[in-house]
Amino acid sequence: MSEHGHHEENFFSKYVFSMDHKMIAKQFLITGIIMGVVGMIMSVLFRIQIAYPGQPNPMFELFLGDWAEGGVMDPNMYLALVTIHGTLMVFFVLTAGLSGTFSNLLIPLQIGARDMASGFINALSYWFFFISSVIMLISLGVETGPASAGWTIYPPLSALPQAIPGSGLGMTLWLVSMTLFVVSSLLGGLNYIVTILNLRTKGLTMTRLPLTMWAFFVTAILGVLSFPVLISAVLLLIFDRGFGTSFYLSDIMIQGEVLSNVGGSPILFEHLFWFLGHPEVYIVILPALGITSEIISTNSRKPIFGYRAMVGSILGIAFLSFIVWAHHMFVTGMSPFLGSVFTFTTLLIAIPSAVKAFNYITTLWKGNLRFTPAMLFSIGLVSTFLTGGLTGIILGDNALDINVHDTYFVVGHFHIVMGLSAIFGMFAGVYHWFPKMYGRMMNKKLGYAHFWITIVGAYGTFFPMHYLGLAGLPRRYYSNTAFPMFDDLADINVIITFCAIIGAAAQLLFLYNFVVSIFRGDKAEQNPWKANTLEWTTPVERIHGNWPGEIPEVHRWPYDYSKPGYDEDFVMQNVPLKEGEEDH
Amino acid sequence: MTELLILVAVVVAVIAIAQVVRIFELSNKIKGVRESDVTDKDNDTQGKLLLTFGILFMLAFFVMTAKWNHLLLPISASEHGLEIDFLMDLSMGLIILVFLITQPILFYLSFKYRGHKNRTATFISHNDKAEIIWTIVPAIVLTVLIIYGLKTWASVMDRTNLDNPVVVELYAKQFDWTARYAGEDGQLGAANVRFVGGLNSVGVIAESALLTQNAGLQVNIEKTIAKIEAEENAMKRAKMEERLHKMLAKQKTFTSIVTRTAQDRLDAAEDDVVVKELHLPVNRQAHLKFRSQDVIHSAYFPHFRAQMNCVPGMNTDFVFKPILTTEEMREETGNENFEYVLLCNKICGAAHFNMQMTVIVESEEDYEKWLASQATVLASNNN
């Protein structure tokens, strides 16, 4: 393939319809960042509403227009904001933005391949994602408002435009957008799996794969197995909405009119949705864990502790993630016996998760830590993964879930364990592999400032939410003023909003750093972090085909840091073993 | 306005920081140092910052807990809730313990092993013994939690121990709750959404209600027929005829549903009591049955540690025994305005945040007195 690397490329084939995995990765990243900014602005808007319910605010008028007449946010728009915020963050930022970016960038580079198994399918995957993103953004502007039934779009609320205006055209566009999103995700996922299985360079056995590769590989399998189920759920919902079927609808009277639907069950939708929805949270978190495994080891100048246990726990988490979905449904009236089964499997997930957390901490022990911004975000991830993971033990227990289900306790839990951990992993990845994307370095001091303000703002936002939940405050309330029992919680909500604004503002530092560094950052060296993996053997210029000559051969695992018997504190994977030297 | 100012201030601060960093960058360039290289000084500073953050984080946790503990839900007002609370305290204690051990270790190790060019890391790739320990210990702890949790769950969900419960149906719709008491016979009569209308707010299928509803329909039908005859505009007439057909169809549906419903179910409905306030006697089980008219709602009683979804087309239920009356809870919390509430805890539309019902727990006598003062389905239809 390398001999084809020099043909003339025009602007479009190089930057737009590129089939080069590195360019596609950047396309995913930038689209993800744009969607992230939109989702973040939404969160700031609804946080202001929660802290100061019903009070007019010029920002509402600025962003929401007719939906905030006189500066007072419409309750339907509030629900639309939380819905689209969730959708954008979970799918567009933390699935496509995270997995799409780093799987594309790193898989060929770290396994020693010239490109993905199919460059064309890869490009197709991005363009489906792009169209899906555009449709989702268009849905924000329709007259009846965007989808507003929560990101989980439970019918009948999502099926009946009479129930909430957002279930009109807004929901139709949401469904179309998500269908295309799933197509994108499947195309990408199949490509990642095939590439990792077939295109590994000579000597790179599965037990020598970097943990990033293991994480992306397993993530892709999870996606391929679970996303089709979302498509089926969405299709049945489209039938119910448009063609008069009754998959999810039964015995409904809405706005004084009895619907003819009989026999359907919304619980069916919940099962289908969460059959994707739960593996989805691991699709979000596993790549972040893979990225940090790499970064923590590199910057501790020490092998990752317990490589085999790390691989085992990824596989364990992945397997269990398919048999825990109904822990989202303990209070739906599902059979109590089923509830018991799902509590059992759910709490089991804590074991591989604990192994991962302990192994990260032990990797730091007796290391020689180098605090790059990527390393700080990785340590931040370990902290949030621990904090958020622990509250999962409460929520996974069905008896306890009865009283904290759908309260702010849940909001705090999943934002910390999945939202923060995954976004920290994503930031870590961007800081760490920026030189591989743009040939330049990001600004370190801005990176430090970004990390510190973000972690303080983020913990300040989500940690207090546990207390709100334990006080019984339900999520998705436009205002908490309707219940005297929540009056005393108003101050906490102001603090949370304040922290959220600080945390959101810190992201401006990142955006500034990201954009400016593309053009003005320090020129990168070939191996700026003195890391072992193959991507650092490619030239800084990021050529098509990745290596100018032969693809390097792999002789060892990727974690030979500070190995006795070597002058340098790292030994790259393509360095042959010395005589008598043992692989890990 | 304040928020806007805060936002502007924050943006300005961000730009200021960015500019300061630029100055550092330029001065580095003059000195010939690459900005992006991590120096020993950076490691030292960041290591110390991590330790400081770790300490402040732990302190913040204690301060928040001390300050906000009184805001959390008061003691459980239901019997099973005490079991749940015990399990909650146990689990909470456990996770807080792990939290207070692991977080400090993480930040302390980050500080202690902050890098220096004269140091080297120790090559340690794994330790089977340690890894087995921290796989098995969580496994044992979780086993205990799982067993205890499942035991609690089984006891909460047990429906075999019903002892003369108050049977109440809670009917959810956008955006309020209606309660239907089973009455003296302890049996809820049949109900169907197609019967909802007029007085019959929850769609009870009772002969008395049918008579009232049919009579109302008949009046409307006759009126419409008269109107159609008087109407000259063909378009308007067609529309009215369409309405007429709908009413006739409704009449048919009513009759057919009633004929298909067993006589004892029909009779059971007559003494049902439909009200807008939930009264429960203390120390007696309440068997709550839930239905929804339109979308999914969730009946959440935070003070009783009870929650169950209300799903259209499906019947769900929950049993709990209140052990503290509203009065007793007022004393317990020191809040003389305290009321138990039922709230909706599943996103259901624009006024979701205000879908509530007051719950009053009182002595058996007061409860009986109150219930007797409410009209039954039969009585309200014979007025």
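Residues numbered from 1 in each chain as written. Chains lettered and ligands numbered in written order. Predicted model: local features only at pLDDT ≥ 70, side-chain atom pairs only at ≥ 80, totals over all residues.

**As for the overall build of chain B**
The number of helices and strands found in chain B is 10 helices and 10 strands. Its C-alpha atoms give chain B a radius of gyration of 33 Å, clearly above 21 Å, the size a compact globule of 383 residues would have. Dimensions of chain B, computed from the C-alpha atoms along their principal axes, are close to 100 × 60 × 45 Å. Scored against the burial criterion, the 383 residues of chain B give a buried share of 35%. Of all intrachain contacts in chain B linking residues separated by at least 6 positions in sequence, the fraction that spans at least 24 positions is 71%. (Helix = DSSP H or I, 4+ residues; strand = E, 2+ residues; numbered from the N terminus. Rg over C-alpha atoms; globule rule 2.2 N^0.38 Å. Buried ≥ 20, exposed ≤ 12 C-beta atoms within 10 Å, placed from the backbone. Contact = placed C-beta atoms within 7 Å.)

**Points about the overall build of chain A**
In terms of helices and strands, chain A carries 17 helices and two strands. Here the C-alpha radius of gyration of chain A, 24 Å, is about what a compact globule of 584 residues would show, namely 25 Å. Referenced to the eigenvectors of the C-alpha coordinate spread, the extents of chain A come out at roughly 80 × 50 × 50 Å. Among the 584 residues that make up chain A, the fraction classed as buried is 65%. Looking at chain A alone, contacts between residues at least 24 apart form 79% of all its contacts between residues at least 6 apart.

**Concerning the domain arrangement of chain B**
Per the domain assignment, the segments of chain B are domain 1 (1–37) and domain 2 (167–188 + 271–378). Here the C-alpha centre of domain 2 of chain B lies 57 Å away from the C-alpha centre of domain 1 of chain B. (Domains from an automatic or database assignment.)

**Examining helix H12 (residues 373–395) of chain A**
Taking 1.5 Å of rise per residue, the 23 residues of H12(A) would be expected to cover 33 Å, and the 33 Å separating its terminal C-alpha atoms lies within 8% of that figure. Across the 23 residues of H12(A), 23 count as buried, placing the element largely inside the fold. (Expected span 1.5 Å × (residues − 1).)

**Observations regarding the sheet that holds strand E8 (residues 316–320) of chain B**
All names here are of chain B. Spatial strand order, E3-E2-E1-E5-E8: five strands in an open sheet with mixed pairing. For this open sheet the edge positions go to strand E3 (273–275) and E8, each flanked by a neighbour on one side alone. Within this sheet the neighbouring strands show an average axis-to-axis angle of 25 degrees, counted without direction. Bridge analysis of strand E5 (residues 286–292) against E8 gives five bridges, and the strand direction is antiparallel. Paired with Phe290 across the bridge in E8 is Thr316. (Pairing = 2+ DSSP bridges. Axes fitted to C-alpha atoms, helices over the stretch in contact; angles between N-to-C directions.)

**A closer look at the confidence of the model for chain A**
Per-residue pLDDT for chain A averages 93, and the proportion of residues at 70 or more is 98%. Counting interchain partners and residues more than four positions distant, the pLDDT-below-50 stretch residues 1–5 of chain A has seven contacts. (pLDDT = per-residue confidence, 0-100.)

**Here's the deal with the pairing of strand E4 (residues 278–281) of chain B**
Two faces, one strand: in a regular strand the side chains alternate between the faces of the sheet. Residue and element names in this part refer to chain B. Here E4 shows no split at all, with Leu278 and Leu280 on one side and His279 and Pro281 on the other all buried. When E4 meets strand E10 (residues 356–362), the two strands line up parallel, connected through four bridges. Within the sheet, the bridge partner assigned to Leu278 lies in E10 and is Val359.

**Considerations on the confidence of the model for chain B**
Chain-level pLDDT for chain B is 91 on average; 98% of the residues reach the 70-or-more range. Of the two predicted TM-score estimates for the complex, the pTM is 0.93 and the ipTM is 0.94.

**Some remarks on the sheet that holds strand E9 (residues 340–344) of chain B**
Residues and elements named next belong to chain B. If you trace the five strands from one edge of the open sheet to the other, you get E4-E10-E9-E6-E7, paired in mixed fashion. Sheet topology places E4 and strand E7 (306–310) at the edges, where each strand pairs with a single neighbour. Averaged over all neighbouring strand pairs, the angle between strand axes comes to 20 degrees, with direction disregarded. Here helix H9 (residues 364–372) sits on the sheet in contact with E4 and E10, set at roughly 140 degrees to E4.

**Things to note about the interface of chain B and chain A**
In this assembly, 102 residues from chain B lie in contact with 115 residues from chain A. Elements with a contribution of two residues or more to the side of chain B that touches chain A: helix H1 (2–31), helix H2 (40–68), helix H3 (79–112), helix H4 (128–157), strand E6 (297–301), E7 and E9 of chain B. A per-element tally of the side of chain B that touches chain A places H4(B) first, with 14 residues. Among the residues making up the side of chain B that touches chain A, the classes are represented as 61 nonpolar, 29 polar and 12 charged. (Nonpolar A, V, L, I, M, F, W, Y, C, P; charged D, E, K, R; others polar.)

**Side note on the packing of H3(B) against H4(B)**
Residue and element names in this part refer to chain B. Relative orientation of the contacting elements H3 and H4 amounts to 165 degrees, with a least axis distance of 10 Å. One element, H3, and the other, H4, form an angle in the roughly antiparallel class. Viewed along their axes, H3 and H4 form a crossing whose handedness is left-handed. Along its contact with H3, which presents His80, Glu83, Ile84, Leu87, Ser91 and Leu94, the element H4 presents Val141, Leu145, Tyr148, Gly149, Thr152, Ser155 and Val156. (Parallel < 35°, antiparallel > 145°, perpendicular 65-115°, else oblique. Left-handed = near helix turned anticlockwise from the far one by under 90°.)

**Remarks on the packing of helix H7 (residues 211–242) of chain A against helix H8 (residues 266–300) of chain A**
Residue and element names in this part refer to chain A. Put simply, H7 and H8 touch, their axes get as near as 8 Å, and they point 160 degrees apart. Of the possible angle classes, the one that applies to H7 and H8 is roughly antiparallel. The two elements H7 and H8 meet at a crossing, and its hand is left-handed. By residue class, the composition of the contact of H7 with H8 is 23 nonpolar, seven polar and two charged.

**Details of the environment of A:Leu347**
Along the polypeptide, A:Leu347 turns up in helix H10 (residues 336–348). Given 24 C-beta atoms within a 10 Å radius, A:Leu347 is considered buried. Between the C-alpha atoms of A:Leu347 and A:Ile394, which are 47 residues apart in sequence, the distance is 9.3 Å. Once residues lying within four places of it in the same chain are set aside, the contact partners of A:Leu347 are A:Ile393, A:Gly396, A:Asp397, B:Leu142, B:Leu145 and B:Ile146.

**Quick look at H8(A)**
Residues and elements named next belong to chain A. Along its 35 residues, H8 runs 50 Å from first to last C-alpha, staying within 8% of the 51 Å computed at 1.5 Å per residue. Residue Trp274 marks the point of greatest curvature in H8, where the axis turns by about 30 degrees. Of all 35 residues making up H8, 31 are buried, and the element is well covered by its neighbours. (Bend = angle between axes of the 7 residues up to and from the residue.)

**Examining unusual backbone geometry**
In this model, A:Pro155 is joined to A:Pro156 through a cis peptide bond whose omega is 0 degrees. Looking at the element boundaries, A:Pro156 is found in the loop between helix H5 (119–139) and helix H6 (169–198). The residue after B:Gln174, namely B:Phe175, is reached through a cis peptide bond having omega -5 degrees. Mapped onto the elements, B:Phe175 comes out in the loop between strand E1 (166–173) and strand E2 (176–181). In this structure, A:Ile153 takes a positive phi of about 35 degrees despite not being glycine. Assessed through the 26 C-beta atoms surrounding it within 10 Å, A:Ile153 is described here as buried. For A:Lys366, which is not glycine, the phi dihedral falls at a positive 60 degrees. Relative to the helices and strands, A:Lys366 is located in the loop between helix H11 (350–364) and H12.

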